[in-house]
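# Structure at a glance
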Amino acid sequence: MAARQSPFDLSTCARKNILQLHPYRCARDDYKDDGTNILLDANENAYGPGLALNSEGALQESTVTGGSTGSSKPEIDLLGLNRYPDPHQIELKQLFCQFRNTHHHTQKTLLPENLFVGVGSDEAIDALLRCFCVPGKDKILTCPPTYGMYGVSAQVNDVEIVKVPLDVNNGFQLQADKINETLAADSSIKMAYICSPGNPTANLISKADIQKVLEHPTWNGVVVVDEAYIDFAPEGSSLAEWVNEWPNLVVMQTLSKAFGLAGIRLGVAFTSPPIATLLNSLKAPYNISSPTSALATAALSETNMAVMRRYREQIIAQRERLVRELPRIPGVGRFLGGQESNFLLVELLDKSGKASNEVAVGAYEAMAEKRGVVVRFRGKELGCEGCLRITVGTEAEVTRFLQEIRVVLEGLLNGADIQSLR
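- For the protein chain, the name recorded in an unreviewed UniProt entry is Histidinol-phosphate transaminase, with Aspergillus melleus as its organism.

Put into structure tokens, the structure is as follows:
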């Protein structure tokens, strides 16, 4: 059958900014997992979900509590899936509040009205843009190198990006004075996105630098601190409860990383009640599914958080092991950024001892294609020449990674091509 004729022209019908989109990419777009690869590319928790599971992988019923009531619930009420989920998620929000009310930064207490919960942090990123930025007019500020979805979401919403890079000569710290100068000069900038710990830099941003931006004397805008990896940083690092002190602060977190629940897609934004009201007003009415809510609620119980903390301790131990052992391998250079996350950013060197994208790409491809270990090449990011980002895996995975990277670098530095590195 011949194709039907139509005046439809995608190039003129679709929005121009969408046609120009380059979607967010990950290493698994290049290397599909067949179930045998060691995946050290996406900053997942290699030890698994922070949940007390039985031998069949199901939640132990006693670990699922009813939040403040403490009453037992079935693991997941599959019979209730014919009903829409709770649109407000108050019980889940209260558990997040209990978790983050540490009083390290203020004596004020977080309440459910301080929270927005969404489909991963990505929903909060997009919701904030739709809330505060007029398409084609307003702008956001980002600090590269940083998480790529700020830029993707901005382009989707036709919002321009102004960049004030991190200080590549000072551990990728925030250049607060330059940010404030930029904000003072352009009133169309409505939000500043700050990633702490940074991705791909793994460094915690100074509280004093964030406060300096919050104290801007003239700027009418929102400071968004993305704390996806905060539970791998020292205790008390989270600024979530600080939203009670600053009406224009938003702190985003996720259960994808330390809690090992990337598959349920649950993120949270802590902020002032007026901003939370706006975010909750514009979201889809039932954005959090019942299974996601049940698993997130279970994860925030004391029994399951004990599992999460045990896995976190093991990840930190393996992170420290990588910091000790990786520099002993010829061809490995400096760790850049910090060591406050579940990944590390490390330089690979050529024969002359210079950071080299050629060596880094070669190692990345050889590891994935020939040796079944997938990491992430980050050498095209600002200040990251010759760098790989390596997610901290289990003890066995780290052992395998260290073995394979040694073999690959020895071959590359001796002139071998990728095909020979079997």
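Next comes the rest of the account.
## Thoughts on helix H3 (residues 90–100)
- Within the span of H3, buried status applies to Leu92, Lys93, Leu95, Phe96, Cys97, Phe99 and Arg100.
- Elements in contact with the buried residues of H3: strand E2 (115–118), strand E7 (249–254), strand E8 (267–271), helix H8 (273–282), helix H9 (290–299) and helix H10 (302–325).

## Here we look at the sheet that holds strand E3 (residues 139–142)
- One open sheet accounts for seven strands, arranged E2-E8-E7-E6-E5-E3-E4; its pairing is mixed. Each having just a single partner strand, E2 and strand E4 (160–163) make up the two edges of the open sheet. The mean inter-strand angle of the sheet, taken between neighbouring strand axes irrespective of direction, is 25 degrees.
- Relative to strand E5 (residues 189–195), E3 is paired through three bridges, and the arrangement is parallel. When the sheet's bridge partners are listed, Lys139 is paired in E5 with Ile189.
- Those strands touched by helix H5 (residues 149–156) are E3, E4, E5, strand E6 (222–226) and E7, and its axis lies near 170 degrees from that of E3.
- Where helix H6 (residues 176–185) meets the sheet, it contacts E3, E4 and E5, and its direction lies at approximately 170 degrees from that of E3.

## Comments concerning the pattern of salt bridges
- A full pass over the atoms with the stated rule returns 13 salt bridges.
- Across the pair Asp122 and Arg265 runs a salt bridge whose closest N-O atoms are separated by 3.4 Å. Separated by 143 residues along the polypeptide, Asp122 in helix H4 (residues 120–132) and Arg265 in the loop between E7 and E8 bring together distant segments of the chain.
- Members of the salt-bridge network, linked through shared partners, are Arg371, Arg400 and Glu404.

## Regarding the packing of aromatic side chains
- In total, this model carries six aromatic pairs according to the counting rule given.
- Where Tyr84 meets Tyr286, the ring centres are 4.5 Å apart and the plane angle is 10 degrees; that geometry is what we call stacked. One end of the pair, Tyr84, is in the loop between strand E1 (38–39) and H3; the other, Tyr286, is in the loop between H8 and H9, and 202 residues separate them in sequence.
- Of the residues examined, Tyr286 reaches a relative accessible area of 38% and is grouped as partly exposed.
- Ring geometry for Phe99 and Phe259: centres 5.6 Å apart, planes at 85 degrees, overall edge-to-face. Within this pair, whereas Phe99 is found in helix H3, its partner Phe259 is found in the loop between E7 and E8, the two being separated by 160 residues in sequence.
- Look at Phe259 and you get buried, because its relative accessible area is 1%.
- Aromatic rings pair up to connect Tyr147, Tyr150 and Tyr193 into one cluster.
- Lys207 extends its terminal NZ or CZ atom over the ring of Trp242, reaching a point 4.8 Å from the ring centre.

## As for the pairing of strand E13 (residues 387–391)
- In terms of burial, E13 is largely enclosed, as five of its five residues are buried.
- Neither face of E13 is open: one carries Cys387, Arg389 and Thr391, the other Leu388 and Ile390, and all of them are buried.
- The sheet contact formed by strand E10 (residues 343–348) and E13 spans five bridges and is antiparallel. Bridge assignment links Val346 to a residue of E13, and that residue is Leu388.
- Where strand E12 (residues 376–377) lies against E13, two bridges are found, and the strand directions are antiparallel. Looking across to E13, one finds that Arg376 is bridged to Arg389.

## Here's the deal with the side chain of Arg389
- Among the structural elements, Arg389 can be located in strand E13.
- Under the relative-accessibility criterion, Arg389 is labelled buried at 2%.
- Engagement of the side chain of Arg389 in a polar contact is seen with the side chain of Asn199, the distance being 2.9 Å.

## A word on the sheet that holds E10
- As summarised here, the arrangement of the four strands in space is E9-E10-E13-E12, forming an open sheet in which the pairing is antiparallel. Unpaired on one side and paired on the other, strand E9 (332–336) and E12 mark the two borders of the sheet.

## Structural notes on the packing of H6 against helix H7 (residues 207–214)
- Closest axis-to-axis distance for the H6/H7 pair is 9 Å, and the angle between their directions is 15 degrees. Between H6 and H7, the interaxial angle falls into the category roughly parallel. In the packing of H6 onto H7, the handedness of the crossing is right-handed. Counting all contacts with H6, which are made through Ala176, Asp177, Ile179, Asn180 and Leu183, the residues of H7 involved are Asp209, Lys212 and Val213.
- Class assignment for the residues of the contact of H6 with H7 results in four nonpolar, one polar and three charged.

## So, the environment of Asn170
- Along the chain, Asn170 falls in the loop between E4 and H6.
- With relative accessibility at 44%, the residue Asn170 sits in the partly exposed group.
- Each C-alpha atom of the pair Asn170 and Gly337 lies 8.4 Å from the other, and the pair is 167 residues apart in sequence.

Rules behind the numbers
- Residues numbered from 1 in each chain as written.
- Predicted model: local features only at pLDDT ≥ 70, side-chain atom pairs only at ≥ 80, totals over all residues.
- Heavy atoms only, no water.
- Buried < 20%, exposed > 50% of the residue type's maximum accessible area, 1.4 Å probe, protein only.
- Helix = DSSP H or I, 4+ residues; strand = E, 2+ residues; numbered from the N terminus.
- Contact = heavy atoms within 4.5 Å.
- Pairing = 2+ DSSP bridges.
- Axes fitted to C-alpha atoms, helices over the stretch in contact; angles between N-to-C directions.
- Salt bridge = Lys/Arg side-chain N within 4 Å of Asp/Glu carboxyl O.
- Phe/Tyr/Trp six-rings, centres within 6.5 Å; stacked < 30°, edge-to-face > 60°.
- Lys NZ or Arg CZ within 6 Å of the ring centre and 35° of its normal.
- Polar contact = N/O pair within 3.5 Å; in protein donor to acceptor, adjacent residues only side chain to side chain.
- Parallel < 35°, antiparallel > 145°, perpendicular 65-115°, else oblique.
- Left-handed = near helix turned anticlockwise from the far one by under 90°.
- Nonpolar A, V, L, I, M, F, W, Y, C, P; charged D, E, K, R; others polar.

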